[in-house]
Amino acid sequence: MDLKIYKDKQEVAEQFSNYLVDQLKDKETFHVALSGGSTPKIVFDVLADNFAGKVDWSKVHFYWGDERCVPPSDDESNYKMTVEHLFSKIDVPEENIHRILGEKDPANEAMRYANLLEINLDRIEGVPQFDLVILGMGDDGHTASIFPHEIDLWDAKDHCVVATHPDSGQKRVSINGKVINTAKEVVFLVTGASKAEKVEAIVDKTEGSDAYPASLVNPDSGNLVWFLDEEAAAKLNQN
Ligand code: 6PG
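Only a predicted model underlies this, so the values are computations on that prediction, with no experimental measurement involved. Residue numbering note: each chain is counted from 1, following its sequence as written. Local features are withheld for residues below a pLDDT of 70 in this predicted model, meaning they are given only at 70 or higher, and side-chain atom pairs are given and counted only at 80 or more; totals for whole chains, interfaces and linings count all residues. Processing note: side-chain calculations cover all non-hydrogen atoms of the structure and skip hydrogens and water entirely.

K.L.:
Explain the sheet that holds strand E3 (residues 60-64) here, please?
P.N.:
To summarise the sheet geometry, strands pair through backbone hydrogen bonds and adopt either a parallel or an antiparallel arrangement. Taken together, 6 strands build an open sheet; the order of strands is E1-E11-E10-E7-E2-E3 and the sheet is parallel. What marks the edges here is a single partner per strand, and that holds for strand E1 (2-6) and E3. Averaged over neighbouring strand pairs, the angle between their axes works out to 20 degrees when direction is ignored. Any two strands with at least two DSSP bridges between them are considered paired. Helical segments are the DSSP runs of H or I of at least four residues, strand segments are the runs of E of at least two, and each set is numbered from the N terminus. Sheet topology places strand E7 (residues 132-135) next to strand E10 (residues 186-190); 3 bridges connect them, and they run parallel. Counted as the bridge partner of isoleucine 134 is valine 187 from E10. In this analysis, two residues are considered to be in contact whenever any of their non-hydrogen atoms come within 4.5 Å of each other. Only C-alpha atoms enter the line fits that serve as axes; for helices the fit covers just the stretch in contact. Angles between N-to-C directions range over 0 to 180 degrees. Running over the sheet, helix H1 (residues 9-24) touches E1, strand E2 (30-34), E3, E7, E10 and strand E11 (224-229) and is turned about 155 degrees from E11. On top of the sheet, helix H3 (residues 78-87) reaches E2 and E3; it is set at about 145 degrees to E3, its chief contact.

K.L.:
For this particular structure, what's the right way to read the site of the ligand?
P.N.:
Proximity is defined per residue: if any heavy atom of the residue lies within 4 Å of a molecule or strand, that residue is considered near it. Close to the ligand lie 14 residues, the nearest being Ser38, Thr39, Arg68, Ala144 and Lys195. The definition of a polar contact used here is a pair of N or O atoms within 3.5 Å, where within protein one atom must be able to donate a hydrogen and the other to accept one, and adjacent residues in sequence count solely through side-chain atom pairs. Contact between the ligand and arginine 68: an oxygen atom at 2.7 Å from a side-chain N or O atom of the residue. Taking histidine 142, its side chain carries an N or O atom lying 2.8 Å from an oxygen atom of the ligand. Isolated, the ligand exposes 410 Å² of accessible area, and the fraction of that covered by the protein chains is 89%. In a pocket analysis with a 2 Å cut-off to the grid points, the ligand is assigned to the largest pocket. Among the residues making up the shell around the ligand, the classes are represented as 2 nonpolar, 8 polar and 4 charged. Areas reported here follow the Shrake-Rupley algorithm with a probe of radius 1.4 Å; residue values treat only the protein chains shown as occluding. As defined here, a cavity is a set of points on a 1 Å grid over the protein atoms alone where a 1.4 Å probe fits but cannot get out. A pocket is an open set with protein on both sides within 12 Å along at least five of seven lines, and residues line them when an atom is within 4 Å of a point. For this analysis, a molecule is said to be in a pocket or cavity if more than half of its atoms are within 2 Å of the grid points defining it. Note that Gly is not counted as nonpolar here; it falls among the polar residues with everything else outside the nonpolar set of Ala, Val, Leu, Ile, Met, Phe, Trp, Tyr, Cys and Pro and the charged set of Asp, Glu, Lys and Arg.

K.L.:
So what exactly am I meant to see when it comes to the sheet that holds strand E9 (residues 171-175) here?
P.N.:
The strand order across the open sheet built from 3 strands is E4-E9-E8, with neighbouring strands paired in antiparallel fashion. If you trace the sheet from one side to the other, it starts and ends with strand E4 (66-68) and strand E8 (160-164), each paired once. Ignoring strand direction, the axes of neighbouring strands in this sheet form an average angle of 25 degrees. Direction of pairing for E8 relative to E9: antiparallel, over a ladder of 5 bridges. The partner of cysteine 160 across the bridge, within E9, is isoleucine 175.

K.L.:
What should I look at first to understand the environment of lysine 9 in this one?
P.N.:
Mapped onto the elements, lysine 9 comes out in helix H1. With 112 residues separating them in the primary sequence, lysine 9 and leucine 121 have C-alpha atoms 31 Å apart. Not counting the four nearest positions on each side in its chain, lysine 9 is found in contact with Ser38, Thr39, Ile42, Thr191 and Asp229.

K.L.:
Explanation requested: the UniProt feature "domain: Glucosamine/galactosamine-6-phosphate isomerase" (unreviewed entry) in the chain in the structure shown.
P.N.:
As annotated in UniProt, the feature "domain: Glucosamine/galactosamine-6-phosphate isomerase" (unreviewed entry) corresponds to residues 10-226 in the numbering used here. In this annotation, residues 10-226 is assigned 31% helix and 18% strand; the end-to-end C-alpha distance for the span is 15 Å. UniProt positions are given in the numbering used here, feature names are shortened, and annotations may be inferred rather than shown by experiment.

K.L.:
Just to check I follow, could you spell out the pattern of salt bridges for this structure?
P.N.:
Proximity of charged atoms lets side chains of opposite charge pair with each other. When a carboxyl oxygen of Asp or Glu lies within 4 Å of a side-chain nitrogen of Lys or Arg, that pair is called a salt bridge. Summed over all chains, the structure comprises 15 salt bridges. One salt bridge in this structure joins arginine 99 and glutamate 103, with 2.9 Å as the shortest N-O distance. Three exposure classes are used, based on accessible area relative to the maximum for each residue type with a 1.4 Å probe and protein chains only: buried under 20%, partly exposed in between, and exposed over 50%. Overall, the relative accessible area of 38% leaves glutamate 103 in the partly exposed class. In this structure, a network of salt bridges that share partners links the residues Asp45, Asp49 and Lys89.

K.L.:
I tried to follow a nonpolar patch on the surface on my own but got confused; where do I start?
P.N.:
Residues qualify for a patch when their relative accessible area is over 30% and they have no salt bridge, like charges being joined within 9 Å and the nonpolar side chains of Val, Leu, Ile, Met, Phe, Trp and Tyr within 5 Å. A grouping of Met1, Leu3 and Ile5 is seen on the molecular surface, where their side chains present a nonpolar patch of about 260 Å² in accessible area. The topology assignment puts methionine 1 in the segment before E1.

K.L.:
It is not clear to me how helix H4 (residues 106-120) should be interpreted in this structure. Could you clarify?
P.N.:
Note that an α-helix has 3.6 residues per turn; residues three or four places apart therefore point the same way. Any helix carries an expected span of 1.5 Å times its number of residues minus one. Helix length check: H4, at 15 residues, gives a terminal C-alpha distance of 21 Å against a target of 21 Å (1.5 Å per residue), a fit within 8%. Taken as a whole, H4 has its buried residues at Pro106, Glu109, Ala110, Tyr113, Ala114, Leu116, Leu117 and Glu118. Against E3, strand E5 (123-124), strand E6 (127-128), E8 and E9 lie the buried residues of H4.

K.L.:
Help me out: how do you make sense of the layout of surface pockets in this one?
P.N.:
To locate leftover empty space, one rolls a probe as large as a water molecule over the atoms. Grid points are joined across faces, edges and corners, and a volume is the space filled by probe spheres set on the points. Roughly 370 Å³ of volume is contained in the largest pocket. Along its surface, the largest pocket is lined by 24 residues, and Gly36, Gly37, Met137, Gly138 and His142 are the ones closest to its centre. At the level of elements, helix H2 (39-51), E4 and E10 are the ones that each hand at least two residues to the lining of the largest pocket. Taken together, the residues of the lining of the largest pocket break down into 7 nonpolar, 12 polar and 5 charged.

Shown next, in the form of structure tokens:
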């Protein structure tokens, strides 16, 4: 596990953008699963503002680790957020954007998306393998849309599952833990003081931290990088 700690959200966004562009440099094709929520907004803005014309985006295929079961026009849609902050500012072919169809029946969409991943990606022992999975972490230690109250979804046999937000009851389609841990690399983008307690529990593997889905992220490749700001890293043991 590699911890990269930066001053604030802006610096996390800048440093991760440089890191991602560096990863893309020598690749013919690159399959990346995006995360949703608010943190990626600034990352996508920085990526677009600094690298719109400097990257051959036609070699990048964009997927999502999870999506809310809402229409693409809904403000809750991770796809809508990504269009506003990234796709509207870079030249990426439409056919490279592989949306989870939030407007469809969740169970059917989970099956369809799992099939799409199995067709589009190389498979390791039958499990679709992303080049990179980008994850956020909720204040409750959830990641993608695997929440603590449904942690059993992490080990679901299906590669895509239907999850339920614990507070709103909103349905979501999410990749499962096997797909996450099969990725060549996983990057967490976690910022803000509200994350500090769970970051410390998960990184320092404290008692009971295995109740948090984010603690189960442990890619077989060994390539796990946390991009943190100082607020989110504030409780980490400094020794
Ligand atoms: C989502 C995300 C979710 C997110 C965390 C952190 O669809 O909401 O995939 O897992 O990454 O909730 O969100 P913030 O970055 O907004 O704190």
